[in-house]
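Chain by chain, the residues run as shown.
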Amino acid sequence: MLNCKEPAQRATISAAVAPLPSITALGMAFALPMARDRLRVGLSDDGRGFEVTVEGFQGNLGSTDGRSRWLKQELGAKDFLTVDEVLDGETLKKASRARRLIVVVGREFDRHDGELELTGADDHLDRYVQAIRRLRDSGYHRVVVSTDHGFFHWDPETHEITERPGGELLWASRRAMVGRALSHPHAIQLDVPRSDLQVMVPRGMGAFKTHGGLDFFHGGATLQELVIPVVVATWPAKARKVKVVLKPVGQIASLSPRVQVQAGVTGQTTFFGDSNLLSRQALVKVKEPGSGKVVFRHPEPVAVEPDGAAVTIQLEVVKPAPDLPYNTQLDVLVLDADDEEILAREEVTLKVEINDW
């Protein structure tokens, strides 16, 4: 999605491995930019969670507060934002010499209490892409996207639910149990990295018998839980969005009018194009000049490519349809989909009557 319609590849993807058990407290700590052999993993005094420590820092990297303090102390991170704060247009500050690193956390998929938010992925991915473009436009030319662990949905059969391991059991979940001298006839025994603890996970996609629902799993050792994507997106420091022009419309004589947008002239061009130019996501709306009410629109943004061909956009009348007489004057607006900046405007005449019929 980040590379779509770009004149050069902006984003690459690689794989990382989450620690066992693949849970937030460990995964977020291991995702910090440091060598994992510096970390030390242990259980908290109450046995309910994990503590991750590193030499030279007083705090638990398994907690949000600990990770934030480490990033401030070691890397000079200035701001810690949510995806909503990046998108609201007010909280995000421009990059500068003093503000080179910020941290953005998204909790849209996992509530971080062992349950999954019951929503689809498409809307979240669209928001993430929009947030990354907003970061790019604010001067952050390198964005690294990762996650702390994976998960999967499963409704296990009765025979796939197995008894707990024997031994000194210190921490338990449906997909992983941690302790010392653990034993089980079928489960797989592995080491918790950077600790003296053992972890046992059921084979396949089974579950240990414990409390809680059985439709959302993380903590175990399947590929879904362990292998996580890392996306690195980089743009030139002098990158700029392509200009957008609206081809003359003149009048609207249909309830499904079509307009065309195209990349504008940006100065000297070459046969090979300009890799510093960024494609732009554009929205087209037709409004009443006085009230500002939308009359026609296209529901989704369209990509305008540098040096690309004209894009034809078929608009739809909004519902419920407004009552507008013949010869009404309207404004056709082309907007940046990320921040609603007006890119092009034309005053047109409505040559069809709009009413409930």
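Residues numbered from 1 in each chain as written. Predicted model: local features only at pLDDT ≥ 70, side-chain atom pairs only at ≥ 80, totals over all residues. Heavy atoms only, no water.

S.K.: Could you give an account of the sheet that holds strand S6 (residues 142-145), with specific residues and numbers?
M.R.: An order of S1-S15-S6 is seen for the three strands of this open sheet, with the pairing classed as antiparallel. Both outer strands of the open sheet, strand S1 (11-17) and S6, are each paired with one neighbouring strand and no more. Strand-to-strand twist in this sheet, taken as the mean axis angle between neighbours without regard to direction, amounts to 20 degrees. Pairing analysis gives four bridges linking S6 to strand S15 (residues 227-234), with the strands arranged antiparallel. Paired with arginine 142 across the bridge in S15 is threonine 234. (Pairing = 2+ DSSP bridges. Helix = DSSP H or I, 4+ residues; strand = E, 2+ residues; numbered from the N terminus. Axes fitted to C-alpha atoms, helices over the stretch in contact; angles between N-to-C directions.)

S.K.: With reference to specific residues and values, describe the environment of leucine 343.
M.R.: As for its position among the elements, leucine 343 is in strand S27 (residues 342-350). Taking the C-alpha atoms as reference points, leucine 343 and proline 165, 178 residues apart in sequence, are found 63 Å from one another. Not counting the four nearest positions on each side in its chain, leucine 343 is found in contact with Val244, Arg280, Val334, Leu335 and Asp336. (Contact = heavy atoms within 4.5 Å.)

S.K.: Could you give an account of the side chain of glutamine 281, with specific residues and numbers?
M.R.: Assignment of secondary structure puts glutamine 281 in strand S21 (residues 280-287). Setting aside residues up to four positions removed in sequence, glutamine 281 forms contacts with Arg133, Pro301, Val302, Ala303, Leu335, Asp336 and Ala337.

S.K.: A description of unusual backbone geometry should follow, citing residues and the corresponding values.
M.R.: Each neighbour pair has its own omega, and for leucine 20 with proline 21 the value is -10 degrees, a cis peptide bond. Along the polypeptide, proline 21 turns up in the loop between S1 and helix H1 (24-30). Between lysine 319 and the following residue, proline 320, the backbone shows a cis peptide bond with an omega angle of -5 degrees. Summarising the element assignment, proline 320 is placed in the loop between strand S25 (316-317) and strand S26 (329-336). Of note, the phi angle at arginine 194 is positive, near 60 degrees, even though the residue is not glycine. Relative to the helices and strands, arginine 194 resides in the loop between strand S11 (188-191) and strand S12 (198-201).

S.K.: Got a sec to walk through the side chain of arginine 280? Specific residues and values, please.
M.R.: Along the chain, arginine 280 falls in strand S21. For arginine 280, a relative accessible area of 8% translates into the label buried. In this structure the side chain of arginine 280 is engaged in a polar contact, spanning 2.9 Å, whose partner is the backbone oxygen of valine 242. Reaching out from arginine 280, the side chain makes a polar contact with the side chain of aspartate 336 at a distance of 2.8 Å. (Buried < 20%, exposed > 50% of the residue type's maximum accessible area, 1.4 Å probe, protein only. Polar contact = N/O pair within 3.5 Å; in protein donor to acceptor, adjacent residues only side chain to side chain.)

S.K.: Give a detailed account of the sheet that holds strand S10 (residues 177-183), specifying residues and quantitative values.
M.R.: Taken in spatial order, the four strands line up as S9-S10-S12-S11 in an open sheet, and their pairing is antiparallel. The open sheet has two edge strands, strand S9 (166-172) and S11, and neither has a second partner. The average undirected angle you get between the axes of adjacent strands in this sheet is 40 degrees. By the bridge criterion, three bridges tie S10 to S12 in an arrangement that is antiparallel. Note that in S12 the partner of valine 178 across the bridge is valine 199.

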